[in-house]
Structure formats: C-alpha cells, structure tokens
Amino acid sequence: MQRRRWIPLVLLRKLLSAAICSIAFMALFSVHLHLFPSSKPKDHKFNDKIYQNHDLQSWTQELAPPHLSQLPKVPLPTSKVNRSRGNSVYEKLWKPPSNRGFLPCVKPTPNYTTPAESQGYLLVHTNGGLNQMRAGICDMVAVARIINATLVIPELDKRSFWQDTSNFSDVFDEEHFINSLANDVKIIKKLPKELVNETRIVKQFISWSGIDYYENEIASLFEEFQVIRASKSDSRLANNNLPPDIQKLRCRACYEALRFSPRIEQMGKLLVERMRSYGPYIALHLRFEKDMLAFSGCTHDLSPEEAEELRMIRENTSYWKIKDIDPRDQRSKGFCPLTPKEVGIFLTALGYPSKTPIYIAAGEIYGGESHMAELLSRFPLLMSKEKLASIEELEPFSNHASQMAALDYIVSIESDVFIPSYSGNMARAVEGHRRFLGRGRTISPDRKALVRLFDKLNQGTMSEGKNLSNRIIDLHRRRLGSPRKRKGPISGTKGMERFRSEEAFYANPLPDCLCRTEPPHVNISHIVT
C-alpha cells in the first residue's frame, strides 16, 4: 500500500523535471539565436539602428560608418515620423513650407540666340571659399555672354585662407559644365597656345555692375586685347535690373551646369543615405570656425587667450581690411554667428527632441570639445562627414577645403531642415538652391532678436521654458524658406552700400528663375549640384 502511494509522486516529479528541462532548453536556444542572427541582409538595413554617443570623449572622433559596423538598437522618435497631414510633430518640426505654386523656369525666352561670334577670351581668377567661387563662376558665364567672349575654364582660388590646391575639375564636372552651356557661351579648357604669351589686360571688374558697364567699357577692351583677365569674380554682376535671359542664364549655370565632380557627388549622396538611416535630419551650418570668428571679430563665450589669438589672425591677414572691431557691438547688431551653446537653446526652444539627428556642416569648430559640450549634451546625435565615413573614404577629399565643403553642401541641400548659424556665403547659396528646388525647411535665425533673449537668460531675467519657446517660435514663423520676392536695397542707402544691402541673387532667385504656374504635380526632387 505504501509503495503504491509513492508511485504518483514519482511520476509528478518526473513530469516537473521534464518541463523544467524543456524551458531551459528553449531559453538557451533563444539566446543562441539572438547572439548569432541570420546572415541574410535585411531590407530595412539600418533604419532602426542608431549610435548613442553620450560617452564620447570627443564629438569629432571618427565612427565606423553604418555599413561597416553593427550599431545598437535604440528607439528614435524622429526616425518614424508620420508624414501624414494630421501628424502634429511632422507639422511643427519637419513639414516643408508651401511652394505657393512657384516652380523653376529657366528656359531662354523665344528671342534668345546661340552665342555670337567670339570677340576674344575671358580668363577668370575666382576668389574666396567654395560658395563664393561658385557664385563668381556663374556670374562670369553671364559676363562672357554679355561681352561675346569665349570663357576659359576658371582658375580656382589657391591663395585664400584655406590654401586649397584643387583645380576646377577636382571640384566640378568640367565636361558637363562645358556641354550644358554650349548654346549659351563657348567654353574651352585652356587658352590657345598661340595666345599664352600674348599681352593681356588684367581688370578688376567693378562690383555689382550692370549690363551697360560690360557692353560698353569691358567689351571695348577687345579692340586692343585678345585676352581679358578678370582678377576677381565675387559680386561683379548686379543682383537686379538685368535682362531676363541673363538672369535665367545665371540660374542655368548655377543649378544645372555647375554640378560637382562625379566622385564628390557619389560620396555626398552616400553621406546623405547614411544620415537618412537615422530618420529625418537637420543640417546645421555651424559657422563657429577660426576664420569666421577672426574675420568678424566675434568673441562671445571665448576666453581672453582665444580672443587675442583671433585678433592676431585678423591683424596678420592682409586682405582683411577691417582690423579694429568691437565684438559687443557686432553681436548686438546680429553680425556674429550663433555659438554652439546658443544653437542648442534655439533648437530646444523650437521643439526638436534631444534625439534629433543633426549633421554638422562645417570645418573644424574653434575650441573643439570645450565649445561643443553644451550643444552635445542637448543633442547627443551630432554627426559629421568624419563620423559617417571612414578615413579611407574621405582620404581623397581631405586637405582640400573646397572638396570637403562640397560634401557638406550636398548633405545640406538634401536635409529635411537646414539651419545656418550665420548668413554667410554657404548659408545664402544653400538657401537659394533649396528655394529653387522647393526643398524642405530652411530656418534663418533672427540673430539680432535672439541675442536679446539669450542675454536675458544669462542675466537671469528669463528662463528656458514655454515662454521662451513661444517667443522664438513666433519670431521664426515667417523665416522657414517659403518662396518670396528677392529683397531690394535698404531705404536710404547710397552708392556701393546700396548694392551691398540688397539680397543676393543666388540667395533668392525669385522672381527671375521661379514662376507661378498651375500645372499638374511636377517632381523637382532631383538634386542638381
């Protein structure tokens, strides 16, 4: 009897042991699958993968790009933004402004003819950084058309602050440039051999000149010389009051003909693809670089030693004419770039969450980590070309400032939101190109108004929160990059100052190259660089 009583207990014990073993086996099998996932590629690639860099020693250190490393899965709110009309986050942060029916219109008018017989050759020495040279090259295309000249492929500036040795074909697609403008201007790669040693006139064209100056004063030089050499290219053509076909030619040159070299385009689009893997992103043109700060005399948030270093750079740079600058006066007038700290406050006030992917479109940030710390603490996902690409991938472009800037340009054009901390040459060029393409938001910070708010924060008379956020959002409701007519000169200005106060042609090519039409939906999403 006693033995019979034990039989059920033994059976129950065996059943429990078997169940426990089964559970343990399944758990072990599950862990094995997690540690050794299938090697088959996934369709979504890296869309849900994100790099968390809270613990970075330096925000600039290179990361293995997504296709070279496995990134830990971390939820990213902005990576799955619902782009439907009713989504409040999308409407508030990412939705592009309406194009109000404006579309590119750069075709010549019916009266436009092929190039007239060339009177001579125009050599051009461009000056400045990448975007200053871009604008100058496009203006010189128009000048060559006006004076009936054969344009020789322009020489890029090798003596500027950046000491870049790049040639035209290193930065731009030379063949495409020549062929695209064949019906507008004859362009050749080199001056004919028989003219290399010919006497030529070197001329610095008058800034913001109109068509009469070029048709009369400059074109007449071909009566004595076969070659005219323009010693500078920046701002040599008026923004306004030029014939419609000349304005449209400038746009065709800038937005269709002058695209980057194939290897720059390829690398730029690869960087865009890698940024896209993190979701919608902001391209931040953070102009907190040594040359900008030295040139502008802006020293806010810098140490006395840093301020003195910048002053000495300005003093020793011969072609920077203004030496004595009051940094407080500059800042109060809105003439200084926002600091990284101020940009962080600005983005937070606009409502962007801390995990928003941000691409830093800039060279080396002055002061490095010490000045980037507060921005990084607010927005840990700060990316750059050095983080998105390997050393080997960037090696062909390194030590060439114009080529590295071209990569930033492409990523900025393609961004969901573009924000410049300063309205310099790149900011204006990208803003104008995005207006032309009808591409995304371009938020232009009202630096003069922002400085007053930031000073109140520093003085303790205002704190971050809803009140500050509402003030900053209200300030920028009409600064999101929607189409509008280009601004003319400031009232009361005279002479060169009048031209200088105008909105630059390439910052806003409306009305010359954007026309209001009512066609069916037209896709202009293809980037033309």
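Going by the structure above, here's the rest.
Presented here is an overview of the structure given in this document. All values derive from a computational prediction rather than experimental measurement.

## A word on the side chain of Ser 501
Alright, step 1. Here Ser 501 is to be found in the loop between helix H20 (495-500) and strand E12 (514-516).
Alright, step 2. We classify Ser 501 as buried; its relative accessible area is 19%.
Alright, step 3. Side-chain polar atoms of Ser 501 contact the backbone nitrogen of Ile 490, separated by 3.0 Å.
Alright, step 4. From its side chain, Ser 501 meets the backbone oxygen of Arg 498 in a polar contact 2.8 Å long.
Alright, step 5. Non-local contacts of Ser 501, meaning those with residues more than four positions away in its chain, are made with Gly 488, Pro 489, Ile 490 and Thr 493.

## Structural notes on the packing of aromatic side chains
Alright, step 1. The full count for this structure, using the stated rule, is twelve aromatic pairs.
Alright, step 2. Seen from their ring centres, Trp 208 and Phe 499 are 6.4 Å apart, and the 20° between their planes marks the pair as stacked. Here Trp 208, found in the loop between strand E5 (201-203) and helix H6 (211-218), pairs with Phe 499, found in helix H20; they are 291 residues apart in sequence, far enough to count as distant.
Alright, step 3. Judged by its relative accessible area of 13%, Trp 208 falls in the buried class.
Alright, step 4. Looking at Phe 499, the relative accessible area reads 31%, which means it is partly exposed.
Alright, step 5. An angle of 70° between the planes, with centres 5.4 Å apart, marks the rings of Phe 295 and Trp 320 as edge-to-face. In this pair, Phe 295 sits in helix H9 (residues 290-296) while Trp 320 sits in the loop between helix H10 (304-316) and helix H11 (327-332), placing the two residues 25 residues apart along the sequence.
Alright, step 6. Three or more aromatic residues joined by ring pairs make a cluster, and in this case those are Phe 168, Phe 172, Phe 177, Phe 260 and Tyr 409.
Alright, step 7. Lying across the ring of Tyr 409, Arg 134 places its NZ or CZ 4.7 Å from the centre.
Alright, step 8. Here the guanidinium or amino end of Arg 250 rests over the ring plane of Phe 505, the centre of that ring lying 4.2 Å away.

## A closer look at the pattern of salt bridges
Alright, step 1. Taken as a whole and judged by the stated rule, the model has 28 salt bridges.
Alright, step 2. Note that Arg 331 is salt-bridged to Glu 342, the shortest N-O span being 2.9 Å. Here Arg 331 is found in helix H11, whereas its partner Glu 342 is found in helix H12 (residues 340-350), with eleven residues between them in sequence. As far as burial versus exposure is concerned, Arg 331 and Glu 342 are alike and both buried.
Alright, step 3. Arg 435 serves as the salt-bridge partner of Glu 431, at 2.9 Å between the closest nitrogen and oxygen. In this pair, Glu 431 and Arg 435 are both assigned in helix H17 (residues 425-437), four residues apart and thus about one turn of the helix distant. Here the two residues Glu 431 and Arg 435 agree in accessibility, since each one is buried.
Alright, step 4. Several salt bridges share partner residues, and in doing so they unite Glu 174, Glu 175 and Lys 189 into one network.

Calculation criteria
- Each chain has its residues counted from 1, following the order in which its sequence is written.
- It should be noted that, the model being predicted, local features are given only for residues of pLDDT at least 70 and side-chain atom pairs only at 80 or more, the latter also being counted only at that level, while totals for whole chains, interfaces and linings use all residues.
- No hydrogens and no water enter the side-chain calculation; it runs on all heavy atoms of the structure.
- In this text, helices come from DSSP runs of H or I with a minimum length of four residues, and strands from runs of E with a minimum of two, each type numbered from the N-terminal end.
- Relative accessible area decides the class of each residue, using a 1.4 Å probe on protein chains only: under 20% of the type maximum gives buried, over 50% gives exposed, and in between gives partly exposed.
- Whenever a nitrogen or oxygen atom comes within 3.5 Å of another N or O atom, the pair is scored as a polar contact, on the condition that within protein one atom can donate a hydrogen and the other can accept it, and that pairs from neighbouring residues in sequence are kept only if both atoms are in side chains.
- Contacts are assigned to residue pairs that have any heavy atoms within 4.5 Å of one another.
- When the centres of two rings from Phe, Tyr and Trp lie within 6.5 Å, Trp using its six-membered ring, the rings pair. Their planes under 30 degrees apart give stacked, over 60 give edge-to-face, and anything left gives tilted.
- By the criterion adopted, a ring carries a charge over it if an Arg CZ or a Lys NZ lies within 6 Å of its centre and within 35 degrees of its normal.
- Salt bridges are counted wherever a side-chain nitrogen of Lys or Arg sits within 4 Å of a carboxyl oxygen of Asp or Glu.

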